[in-house]
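A look at the structure
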Amino acid sequence: MDFVGSHIISVDQFDREAADRVFAVADRMRPYANRQRITRVLQGAILSNMFFEPSTRTRVSFGSAFNLLGGEVRETSEVKASSLTKGESLYDTARVLSGYSDIIVMRHPESGSVAEFAEASRVPVINGGDGPNEHPSQALLDLYTMRTEMAAQARTLDGMTIALVGDLRYGRAVHSLCKLLCLYDQVKLHLIAPPELSIPEEIEKKLVADGHQVETFIDMAKGISDVDIIYVTRTQEERFPSPEDADRYKGLFRLNQTIYTQNCAPNTVIMHPLPRDSREQAQELDDDLNQNPNLAIFRQTDNGMLVRMALFALVLDVVDEVDNHAQPVTWFTSKRLPDSPPQ
Ligand code: NCD
């Protein structure tokens, strides 16, 4: 895959070599993300960070990643604050914004919208999530996290078993993740979801066609025993016909410390793309797991910075320039070092 000047719309664009390239560049971004050094390699470059759907970590981490490389960020975070509400087409918005920026990150509630926008854009566009369809940067950071968590146990991704729990129908993060996992060898997947929220058929078929073993469960306790990683997801209530429809599925699967201790090997890694729904009726990932060293959710979010910096560096072709523009950090900084997976 040639990253330079490319749009990043779908994980279908990646082969294993391309994913490994992102991870290798992400590793090199660590001193900058940890504020041990700063770089101004993207000085003068402008990112338009266009989020037409709610977002905290994807929006802020893409923006901060660009800032950490020395670039400037312009942001729209609500559809109501943009001209899309005045009837402007994605085509026109793309033509206009690409005149103002060097690169665009976009999140939008409709499947396929970011691809349509990218076609009209004169600068590279990165998909920050298009409806229930895809979320490629999330899948890359999830896979990067899985690799580092497994490496700490002297394991690789090939041959590992992952349980995916929750709303697998509407969760774009799991859709992109499953497609990326197809690049690895003999991954076993335990799909744990109510039948109405099972993973789209074409994704399951692809996993099977690529030689992976897929088992479906409706009993979470059975599905999470004997796995290396549990990846929990939130009920994507914004994709349901009504909030009441979504409410029927909240709280069906709750992972807490007691259930973990009863069913899982003690080094089973726990992941979630976040946000976790901590409201009483949901709590798919209980706060009582916060002290569990295998809870990798905040290592995931920290890794998101590295992966997003890597995507910018690759697409804007500055990977080999980053260190040439490095400077020491001049302000007081502490507690920057992220926590590491248990060995
Ligand atoms: C995910 C998303 O937006 O798809 N969040 C994120 O970007 N980390 C998952 C979710 O919202 O449940």
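Just so it is clear, the structure is predicted and the values come from calculations on it, not from any experiment. (Residues numbered from 1 in each chain as written. Predicted model: local features only at pLDDT ≥ 70, side-chain atom pairs only at ≥ 80, totals over all residues. Heavy atoms only, no water.)

Another aspect to go through is the domain arrangement of the protein. Here the protein is partitioned into domain 1 (11-134 + 304-332) and domain 2 (136-298). One C-alpha centre belongs to domain 1, the other to domain 2, and the line joining them spans 26 Å. Taken together, the contact pairs 29 residues of domain 1 with 23 residues of domain 2. In total, domain 1 and domain 2 occlude about 2300 Å² of area from one another, counting both sides; carbon and sulfur atoms represent 58% of this. Per-residue buried area on domain 1 facing domain 2 is highest for Val11, Arg16 and Phe23; these three make up 30% of the total on that side. Scanning the region where domain 1 abuts domain 2 turns up six salt bridges. Notably, a salt bridge pairs Arg147 with Asp20, separated by 3.8 Å at the nearest N-O pair. If you list the elements that add at least two residues to the side of domain 1 that touches domain 2, you get helix 1 (16-28), helix 3 (57-68), strand 4 (103-108), strand 5 (125-130) and helix 12 (297-315). (Domains from an automatic or database assignment. Contact = heavy atoms within 4.5 Å. Buried area = accessible area lost by both parts, 1.4 Å probe. Salt bridge = Lys/Arg side-chain N within 4 Å of Asp/Glu carboxyl O. Helix = DSSP H or I, 4+ residues; strand = E, 2+ residues; numbered from the N terminus.)

All right, on to the packing of helix 4 (residues 90-100) against helix 5 (residues 113-120) then. Packing of helix 4 against helix 5 brings their axes to within 8 Å, and their N-to-C directions diverge by 55°. Taken together, the axes of helix 4 and helix 5 are oblique relative to one another. Read as a crossing pair, helix 4 and helix 5 show a hand that is right-handed. Together, Leu90, Tyr91, Thr93, Ala94, Arg95, Leu97 and Ser98 of helix 4 and Ser113, Glu116, Phe117 and Ala120 of helix 5 make up the contact between the two elements. Looking at the contact of helix 4 with helix 5 residue by residue, the class counts come to six nonpolar, three polar and two charged. (Axes fitted to C-alpha atoms, helices over the stretch in contact; angles between N-to-C directions. Parallel < 35°, antiparallel > 145°, perpendicular 65-115°, else oblique. Left-handed = near helix turned anticlockwise from the far one by under 90°. Nonpolar A, V, L, I, M, F, W, Y, C, P; charged D, E, K, R; others polar.)

For the rest of this paragraph, the subject is helix 3. Between its first and last C-alpha, helix 3 extends 15 Å over 12 residues, near the 16 Å set by a 1.5 Å rise per residue. Among all positions in helix 3, only Thr58, Arg59, Ser61, Phe62, Gly63, Ala65, Phe66 and Leu68 are buried. Immediately downstream of helix 3, the backbone of Gly70 shows phi near 100°, a positive value. (Expected span 1.5 Å × (residues − 1). Buried < 20%, exposed > 50% of the residue type's maximum accessible area, 1.4 Å probe, protein only.)

A few words now on empty space enclosed by the protein. Inspection of the entire model under this criterion finds one cavity of 30 Å³ or more. Computed from the structure, the largest cavity encloses a volume of approximately 110 Å³. Taken together, 15 residues line the largest cavity, and the ones lying closest to its centre are Gly166, Thr233, Thr235, Tyr249 and Phe253. (1 Å grid on protein atoms, 1.4 Å probe; cavity = no way out; pocket = protein on both sides within 12 Å on 5 of 7 lines; lining within 4 Å. Points joined across faces, edges and corners; volume = space filled by probe spheres on them.)

Of the volumes computed, that of the largest pocket is approximately 600 Å³. As for the largest pocket, its lining consists of 30 residues, and the residues nearest its centre are Arg299, Thr301, Asp302, Asn303 and Pro338. When residues of the lining of the largest pocket are traced back to their parent elements, those giving at least two are helix 2 (30-33), helix 3, helix 6 (136-152) and helix 12. Counting residues per element, the lining of the largest pocket draws most heavily on helix 12, which supplies nine residues. When the residues that make up the lining of the largest pocket are grouped by side-chain class, the tally is nine nonpolar, 12 polar and nine charged. Each of domain 1 (11-134 + 304-332) and domain 2 (136-298) accounts for three or more of the residues forming the lining of the largest pocket. What the second largest pocket holds in volume is close to 390 Å³. Around the second largest pocket, the lining is made up of 21 residues, and of these Arg107, Arg172, Arg234, Leu274 and Pro275 lie nearest the centre. For the lining of the second largest pocket, the elements supplying multiple residues, two or more each, are helix 3 and helix 7 (172-181). Ranked by the residues each element gives to the lining of the second largest pocket, the list is headed by helix 7, at three residues. Residue contributions to the lining of the second largest pocket reach at least three from each of two domains, namely domain 1 (11-134 + 304-332) and domain 2 (136-298).

Moving on, we get to the nonpolar core. By size, the foremost hydrophobic cluster in this structure holds 72 residues, and its most contacted members are Val22, Leu143, Met146, Ile162, Leu164 and Phe312. The element best represented in this core is helix 12, accounting for 10 residues. When residues of this core are sorted by domain, at least three fall in each of domain 1 (11-134 + 304-332) and domain 2 (136-298). With near-sequence residues (within four places) excluded, Leu143 lies in contact with Phe23, Leu157, Leu177, Leu180, Leu181 and Tyr184. Judged by nonpolar contacts, the second largest core, of 19 residues, contains Phe217, Val232, Phe253 and Cys264. (Core = buried A, V, L, I, M, F, W, Y, C linked by side-chain atoms within 4.5 Å.)

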